Amino acid sequence: MRILPCCTTFLLLFVYSSDGSARMWTEPESGGNQRFFINAAALYQPESHVQGGGNVTVSRYYLSAGSSIPVNDRMRLGFGLSYEFDNYNFSRLSNFAVPNPWNRINKIGFSARAGYSLSPNWTLFAAPVVQYSGEQGAELGNALLYGTTFGLLYRPGRRFMIGFGPGIFYGLEETRFFPAVIVSWKITDNLRLGNSFRTGPAGPAGLELAYSIDHNWETSLAGGFRSYRFRLDKDGSIGNGIGQTDAWPVIARLSRKLGQHFRADLYGGAAFGGKLRLEDRRGRKIDSVSYSTAPLAGFALTTVY
């Protein structure tokens, strides 16, 4: 069992960075109207030097959709589908067990969320997730991750909400446990602190400090720890092995509303403390190596109804 660190610093996952889609999963309010979102995003990490020799470049592409539906005055249900494609390019790795450990990674996820209002101030929530995470050629049954987050939300007023609960996820020969912290705090009319994405197999929900410049423009700062695991090609150099990437991204965002329902986001920042890890099919470490600080740039477009 691996215990991931608590979210004591800002975390960010680009596909859930939109204010509307993120809140749909972090604030399971009762009552209200049905809501729906679609989000598309791309992230590019240019060539970074790998310790001991060689380089790595990463391109990520995301597409997600979800809906949040009121069942009655006390209960609200939500559902989400997501797809992520990660393209890794390695060149001249000279101090790693495999010179080209993995390339094209596909992640397909289904998530649900239920919120039940126990009182005007307290809400019980649960959020199960199932995800396929594997390199092209990986076997379906060996590349599944699944688990849930559950806990209680406390809302003393319209400007502040906080929630706690455990997150437990299993798959790829590993069990991950971490405390999940949910926060929504409108500090002033222009300054907001809240979760930037939902909890999942990669770690706890993040926090983002955002400032509304005016009705159409917003900027924010976020950062933290992310860890991704995936099953490798069954016919690759490490057949049915496991790959893992870890990093501490620090990201600035600039957003612009495009009418009533659309929003565009630009991202820029850096990933610190990056690591690559290779394991055999049973999760036993084969090799690990660090890579240098890498710049990050991204773009996202979201529609919320």
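Residues numbered from 1 in each chain as written. Predicted model: local features only at pLDDT ≥ 70, side-chain atom pairs only at ≥ 80, totals over all residues. Heavy atoms only, no water.

Trainee: For the overall build of the protein, give the residues involved together with the corresponding values.
Mentor: The secondary structure content of the protein amounts to one helix and 17 strands. Considering only intrachain contacts with a sequence separation of at least 6, the fraction spanning at least 24 residues in the protein is 61%. Counting only carbon and sulfur atoms, one obtains 59% of the accessible surface of the protein, whose full area is about 13600 Å². (Helix = DSSP H or I, 4+ residues; strand = E, 2+ residues; numbered from the N terminus. Contact = heavy atoms within 4.5 Å. Areas by Shrake-Rupley, 256 points an atom, 1.4 Å probe, with all protein chains shown as cover.)

Trainee: Quick rundown of the packing of aromatic side chains? Include the residues and the values.
Mentor: What the rule picks out here adds up to 12 aromatic pairs. Centroid distance Tyr88 to Phe230: 6.1 Å. Interplanar angle 40 degrees. Geometry classified as tilted. Pair noted here: Tyr88 is in strand β4 (residues 75-91) and Phe230 is in strand β13 (residues 226-231), with a separation of 142 residues, a long-range link. You can call Tyr88 buried: its relative accessible area is 1%. What makes Phe230 buried here is its relative accessible area of 0%. Through a chain of ring-to-ring contacts, the aromatic side chains of Tyr88, Phe90, Trp102 and Phe230 assemble into a single cluster. Positioned above the aromatic ring of Tyr228 is the side chain of Arg60, whose terminal nitrogen or guanidinium carbon lies 5.3 Å from the ring centre. (Phe/Tyr/Trp six-rings, centres within 6.5 Å; stacked < 30°, edge-to-face > 60°. Buried < 20%, exposed > 50% of the residue type's maximum accessible area, 1.4 Å probe, protein only. Lys NZ or Arg CZ within 6 Å of the ring centre and 35° of its normal.)

Trainee: Describe the confidence of the model for the protein, with residues and values.
Mentor: Predicted confidence across the protein gives a mean pLDDT of 87, with 87% of residues reaching 70 or more. Considering only residues more than four positions removed or in separate chains, one finds that residues 3-31, a stretch of pLDDT under 50, has 130 contacts. (pLDDT = per-residue confidence, 0-100.)

Trainee: Summarise the environment of Ala297; cite the residues concerned and give the values.
Mentor: With respect to the helices and strands, the residue Ala297 is situated in strand β17 (residues 294-304). Relative accessible area serves as the criterion here: at 41%, Ala297 is assigned to the partly exposed category. Sequence-wise, Ala297 and Gly268 are 29 residues apart; in three dimensions their C-alpha atoms are separated by 4.6 Å. Those residues in contact with Ala297, other than ones at most four positions away along the chain, are Ala42, Leu43, Tyr44 and Tyr267.

Trainee: Which residues make up the nonpolar core, and what are the values?
Mentor: Formed by 27 residues in total, the largest nonpolar core has its most connected members in Tyr88 and Trp102. Elements supplying a minimum of two residues to this core: β2 (35-49), β3 (55-70), β4, β14 (242-258), β15 (262-279), β16 (285-291) and β17. Residue contributions to this core peak at four residues, all from β15. Other than its neighbours up to four places away in sequence, Trp102 contacts Tyr88, Phe90, Glu135, Phe230, Leu232, Gly243, Gln244, Thr245, Leu276, Arg277 and Leu278. (Core = buried A, V, L, I, M, F, W, Y, C linked by side-chain atoms within 4.5 Å.)

Trainee: Please set out the pairing of β4 residue by residue, giving values where relevant.
Mentor: The sheet contact formed by β3 and β4 spans 16 bridges and is antiparallel. The partner of Ala65 across the bridge, within β4, is Leu81. Here β3 folds back onto β4 in antiparallel fashion, the turn holding four residues. (Pairing = 2+ DSSP bridges.)

Trainee: Tell me about the pattern of salt bridges, and name the residues and values.
Mentor: Going through the model one piece at a time under the given rule, you end up with 17 salt bridges. A salt bridge links Glu84 to Lys107; its shortest N-O distance comes to 3.6 Å. Of the two residues, Glu84 is situated in strand β4 and Lys107 in strand β5 (residues 104-117); the sequence distance between them amounts to 23 residues. Residue classification places Glu84 among the buried residues on the basis of a relative accessible area of 9%. Arg253 is paired through a salt bridge with Glu218; the nearest N and O atoms lie 3.0 Å apart. Of the two residues, Arg253 is situated in strand β14 and Glu218 in strand β12 (residues 217-223); the sequence distance between them amounts to 35 residues. For Arg253, a relative accessible area of 2% puts it in the buried group. (Salt bridge = Lys/Arg side-chain N within 4 Å of Asp/Glu carboxyl O.)

Trainee: Break down the side chain of Asp246 for me, with residues and values.
Mentor: Relative to the helices and strands, Asp246 resides in strand β14. Within polar-contact distance, the side chain of Asp246 engages the side chain of Gln244 at 3.2 Å. Excluding residues within four positions of it along the chain, Asp246 makes contact with Phe225, Arg226, Ser227, Tyr228, Gly273, Gly274, Lys275 and Tyr291. (Polar contact = N/O pair within 3.5 Å; in protein donor to acceptor, adjacent residues only side chain to side chain.)

Trainee: Give me the lowdown on the environment of Val130, citing residues and values where you can.
Mentor: If you trace the backbone, Val130 turns up in strand β6 (residues 122-135). A relative accessible area of 42% means that Val130 is categorised as partly exposed. Expressed as a C-alpha distance, the spacing of Val130 and Leu81, which sit 49 residues apart in the sequence, is 9.9 Å. Excluding residues within four positions of it along the chain, Val130 makes contact with Ile108, Gly109, Phe110, Leu145 and Tyr146.

Trainee: Now, about the environment of Arg282: what can you tell me, with residues and values included?
Mentor: If you trace the backbone, Arg282 turns up in the loop between β15 and β16. Judged by its relative accessible area of 60%, Arg282 falls in the exposed class. Separated by 110 residues in the primary sequence, Arg282 and Leu172 place their C-alpha atoms 8.1 Å from one another.

Trainee: Residues and numbers for the pairing of strand β9 (residues 174-186), please.
Mentor: Summarising the sheet, strand β8 (residues 160-171) and β9 pair through 12 bridges and their orientation is antiparallel. Residue pairing in the sheet places Gly171 in a bridge with Glu174 of β9. The hairpin turn running from β8 into β9, its antiparallel successor, is two residues long, and Leu172 in that turn takes a positive phi close to 55 degrees. Sheet topology places β9 next to strand β10 (residues 191-194); three bridges connect them, and they run antiparallel. Bridging across to β10, Trp185 finds its partner in Leu193.

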